[in-house]
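Spelled out from the first residue to the last, the chains are:
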Amino acid sequence: MADMKLLLLQELNLSFSVVWCNSLLIIIIISCMSTAVMDVDCHVIIDDSISNDRVALLAFKDAITQDPLGTLSSWNNNNNSLHHCEWTGVTCSHRHHSRVTKIDLRSQRLEGSVSPYIGNLSFLQYLILHNNSLNGEIPQQIDRLFRLKHLGLSNNSLEGEIPQNISRCSNLIHLNISRNNLVGKIPDELGYLSSLVILRLSDNNLSREIPSSLGNLSFLSVLDIGFNNLGGMIPSTLGQLRSLKGLELGMNKLSGTVPSSLYNLSSLSVFSVMWNQLHGSIPFDVGFTLPNLDYFSVANNINFTGTVPSSFSNMSRLELLELQNNNLVGSVPYNLGYLKRLEVLFLGLNNLGSGQANDLNFINSLVNCTNLRELYLISNNFGGTLPTSIANFTTTLDILDFSENLIYGSVPAGIQSLTSLTSLSLYSNMFTGSIPAGIGKLQNLRLLNLNQNKFSGSIPSSFGNLTQVIILRLYENNLTGLIPSSLGNCASLQVLNLNTNRLNGSIPRQVLQLPSLSRFLDLSNNSFTGSLPMEVGNLRNLDVLYLNENALSGEIPSSIGECLSLRYLSLDNNYFHGNIPQAITSLKGLEVLVLSHNNLSGMIPKGFEKLNLSGLDLSYNNLEGEVPKTGVFKNTSTFIIEGNSKLCGGIPDLKLPSCPIPLKKKPRKSISIKVIIIIIVTMI
């Protein structure tokens, strides 16, 4: 036994400095040295190739409850197994035999928690567990890892607060615990991590104020604490971070103004304070004090005022400029065309422009931004016509949005040259003339919004070439003529809204045969005639169907019952006649049904009361018979039946006449009995 004790002490090379942080290991050692304890596996300690790090790794594995990829299958305490330095994801030191310096198990779909015995890996420098499903708290024992340089726990489900004692990991360079469920405040003690270069705490539920102590992190290059619930003012001490390149404070509840010292951090490449409650104006010389920016965003603060500084043109590296949803006024600087690297320009939801003819002159300079992919000018006061120079935009332009302005005149035909466009929105302006047929050449379009203008003429048949379009909105214009049957080629179409135009003719069967139409079909408030084609039953995945306020006639086809996903169906203000199809009761998901102002007759179909309807309008038809008393018919606030003089019964609030009690008819004698009686009478 004495030899065994000596062997253990030699193999483990225990020093007093290690013993205090390995109490579990000492208990196991004492147990192994006692002959009275027979159920302790002493091989974990005695084997020549096993160190206290191996024990800590096994404890880490024990805290993992799911390992679907079998990543930790090589981690075991079998004497004949691999040395722990050869286990998957484990790296050991070359200088210190068998001491673990790195654990990298990112993206292994691991579930479970982070074992507190991770703190026993005293030589650990890298702990990287990104992109797993780990839960529980960050163990307090993390503070024992005084050699730790990189702690990566992002994109897990960790809970609780950030341990204050993490500040004892004084060699930390990279701390990333973003995208978890952490709560509480950002510890002031993080300001003691004097070697920290990258700090990412974003996408959690952190609250309270940003600690001013973060201004002490003189080597900090990235500060990403966005997407939390942080409040209060931005500490001016952050202006001391002269090495800072990335500042991400967006998506919080910060208030006050942006400290002027932040606008002097000339090293910054990313500046984002979007989605807060900040106010003030953007400094006129921002382009000179922050010349190295790639990304600048004060978007969605609502309260930024003043003008768009012309000095932005000095940010030669700028790729994204986001100023939307504030109270900016005035004209857009013409010299933004100097931003050769600009990819995204978002100026929407402000008060830019004055409704005058020259408001959009800056478009001519943006033609020089040959990397421009997205241009958003939505919801401003831009007036005048759309410059013909728009046709000279780079062919890599992906999104173009001029919606909700005061633009008039026709759409330049040259827009057809923007062949990379996936989204074109010009809605809520005062455009006139016909819709350019050349838009049909934009075969990459997924979204086309031309609604709420004064377009006239017909829908171009070339729109049938938009085979990738998902949303097509042309409503509230002055369009005439037929719906082109070529729209039946739009195999990706999910939303088609043509309401409130002067379209006529029949509804094309080709459109109703589009299996992709799954979200919205609105042809209401036009002049469509003829019957509703049986092909309407092909819209099995459609959510909303509005055909009201037309001149449709004939019977409602029973195939409507095959539209099993319908939630809203409006066929009112047409000339439909005949009975309401019993098949409608098959629409179990139906929430609102409007059939009013038609010539429908017969009884209310059995089963309507079983539908989960929140609204039903059957008014002003020729319906007759008894009104049910259950389901949607229990409350007069959820259904309307007025204008049907032959209805009876229902709940008392309706004050309808009682339904007549059907008379019991005397049983008829069978024909055979009648024949016998006649024969008998004749014989007499």
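Right above here is the structure, for reference.
The rules we used
Residue positions are given per chain, counted from 1 along the sequence in the order it is written. Reporting of local features is limited, given that this is a predicted model, to residues whose pLDDT is at least 70; pairs of side-chain atoms are given and counted only at 80 or more, and all residues count toward the totals for whole chains, interfaces and linings. To get the side-chain values, all heavy atoms of the structure are used, and hydrogens and water are removed first. We define a nonpolar core as any set of buried Ala, Val, Leu, Ile, Met, Phe, Trp, Tyr and Cys residues linked to one another through side-chain atoms lying within 4.5 Å. Categorising residues by exposure relies on relative accessible area from a 1.4 Å probe, with only protein chains included: less than 20% of the type maximum marks a residue as buried, more than 50% marks it as exposed, and the intermediate range marks it as partly exposed. Helix and strand definitions here come from DSSP, where helices need a minimum of 4 consecutive H or I residues and strands a minimum of 2 consecutive E residues; each element is numbered from the N-terminal end. The contact criterion used is simple: two residues touch if any of their non-hydrogen atoms lie within 4.5 Å. When DSSP finds at least two bridges between two strands, those strands are taken to pair. Each Phe, Tyr or Trp ring (for Trp, its six-membered ring) is paired with any other whose centre lies within 6.5 Å, and the angle between the two planes then decides the class: stacked below 30 degrees, edge-to-face above 60, tilted in between. Here the axes come from fitting lines to C-alpha atoms, over the contacting stretch only for helices, and the angles between their N-to-C directions go from 0 to 180 degrees. Any Lys or Arg side-chain nitrogen located within 4 Å of an Asp or Glu carboxyl oxygen qualifies as a salt bridge. We call a pair of cysteine sulfur atoms a disulfide whenever their separation is within 2.5 Å. In protein, a polar contact means a hydrogen-donor-capable atom and an acceptor-capable atom, both N or O and within 3.5 Å, with residues adjacent in sequence counting only if both atoms are side-chain atoms; elsewhere, any N or O pair within 3.5 Å suffices.

Caption draft 1: Here's a closer look at the nonpolar core. Membership of the largest hydrophobic core comes to 172 residues, with the highest contact counts inside it found for Phe 271 and Phe 296. If you list the elements that add at least two residues to this core, you get helix H5 (52-62), strand S2 (90-92), strand S3 (100-104), helix H7 (363-366), helix H8 (509-512) and strand S42 (622-627). Here the element with the most residues in this core is H5; it accounts for four residues. Contact partners of Phe 271, with chain neighbours within four places excluded, come to Leu 247, Val 258, Leu 262, Tyr 263, Leu 290, Leu 293, Tyr 295, Phe 296, Ser 297 and Val 298. With six residues, the next largest nonpolar core counts Phe 346, Ile 378, Ile 399 and Tyr 427 among its residues.

Caption draft 2: Just the sheet that holds strand S30 (residues 478-481), in detail. The strand order across the open sheet formed by nine strands is S28-S30-S32-S34-S36-S38-S40-S42-S44, and the pairing between neighbours is parallel. Taken across any chain shown, the strands that pair with only one partner, and hence form the sheet edges, are strand S28 (456-457) and strand S44 (646-649). Where strand S34 (residues 527-531) meets strand S36 (residues 551-555), three bridges bridge the pair, whose relative direction is parallel. In the strand pairing of S36, Thr 529 is matched with Ala 551.

Caption draft 3: Region of the structure containing the packing of aromatic side chains. Under the defined criterion, the tally for this structure stands at 10 aromatic pairs. Judged by centre distance (5.1 Å) and plane angle (10°), the rings of Phe 271 and Phe 296 are stacked. With Phe 271 in strand S14 (residues 270-272) and Phe 296 in strand S16 (residues 295-297), this pair connects stretches of sequence that are 25 residues apart. Looking at Phe 271, the relative accessible area reads 0%, which means it is buried. Residue class for Phe 296 comes out buried when judged on its relative accessible area of 0%.

Caption draft 4: Examining the sheet that holds strand S6 (residues 133-135) more closely. Spatially, S1-S4-S6 is the arrangement adopted by the three strands of the open sheet, whose pairing is mixed. A strand with exactly one partner marks an edge of an open sheet, and here the two such strands are strand S1 (64-66) and S6. Across the sheet, the mean angle separating the axes of adjacent strands is 20° when strand polarity is ignored. One ladder, built from two bridges, connects S1 with strand S4 (residues 111-113); its direction is antiparallel. Bridge pairing in S4 places Gln 66 opposite Glu 111.

Caption draft 5: A look at the side chain of Ser 202. Examined against the element boundaries, Ser 202 turns out to sit in the loop between strand S9 (198-200) and strand S10 (222-224). With sequence-adjacent residues up to four places away left out, Ser 202 is seen in contact with Ser 178, Arg 179, Asp 224, Ile 225, Gly 226, Phe 227 and Asn 228.

Caption draft 6: The arrangement of the pairing of strand S38 (residues 575-579) in detail. The pairing of S36 with S38 spans three bridges and is classified as parallel. Bridge assignment links Gly 554 to a residue of S38, and that residue is Phe 576. By the bridge criterion, three bridges tie S38 to strand S40 (residues 599-602) in an arrangement that is parallel. Within S40, the position partnered with Asn 579 by the bridge is Ser 601.

Caption draft 7: Representation of the pattern of salt bridges within the structure. Scanning the model with the defined rule gives 10 salt bridges in all. Several salt bridges share partner residues, and in doing so they unite Glu 343, Arg 373 and Glu 374 into one network.

Caption draft 8: Expanded view of the state of the cysteines. Inspection of every chain in the model, using the stated rule, returns two disulfides. Put simply, Cys 648 and Cys 659 are joined by a disulfide, and their sulfur atoms are 2.0 Å apart. Taking the sign of the S-S torsion, about 100° here, the bridge from Cys 648 to Cys 659 comes out right-handed. Note that Cys 648 is positioned in strand S44 and Cys 659 in the loop between S44 and helix H9 (671-683), a separation of 11 residues in sequence. The class of Cys 648 is buried, set by a relative accessible area of 9%.

Caption draft 9: Region of the structure containing unusual backbone geometry. Even without being glycine, Asn 300 reaches a positive phi, approximately 60°. In this fold, Asn 300 is placed in the loop between S16 and strand S17 (303-305). A positive phi angle, close to 60°, is found at Thr 500, a residue other than glycine. With respect to the helices and strands, the residue Thr 500 is situated in the loop between strand S31 (495-497) and strand S32 (502-505).

Caption draft 10: Spatial organisation of H5. The element H5 is extensively covered by neighbouring structure, given that nine of its 11 residues are classed as buried. Buried residues of H5: Asn 52, Asp 53, Arg 54, Val 55, Ala 56, Leu 57, Leu 58, Ala 59 and Phe 60, and no others.

Caption draft 11: Seen up close, the side chain of Ser 115. Assignment of secondary structure puts Ser 115 in the loop between S4 and strand S5 (126-128). Note on Ser 115: relative accessible area 2%, which makes it buried. A distance of 3.1 Å separates a polar side-chain atom of Ser 115 from the backbone nitrogen of Tyr 117. Among residues more than four places away in sequence, those in contact with Ser 115 are Ala 59, Phe 60, Ala 63 and Pro 139.

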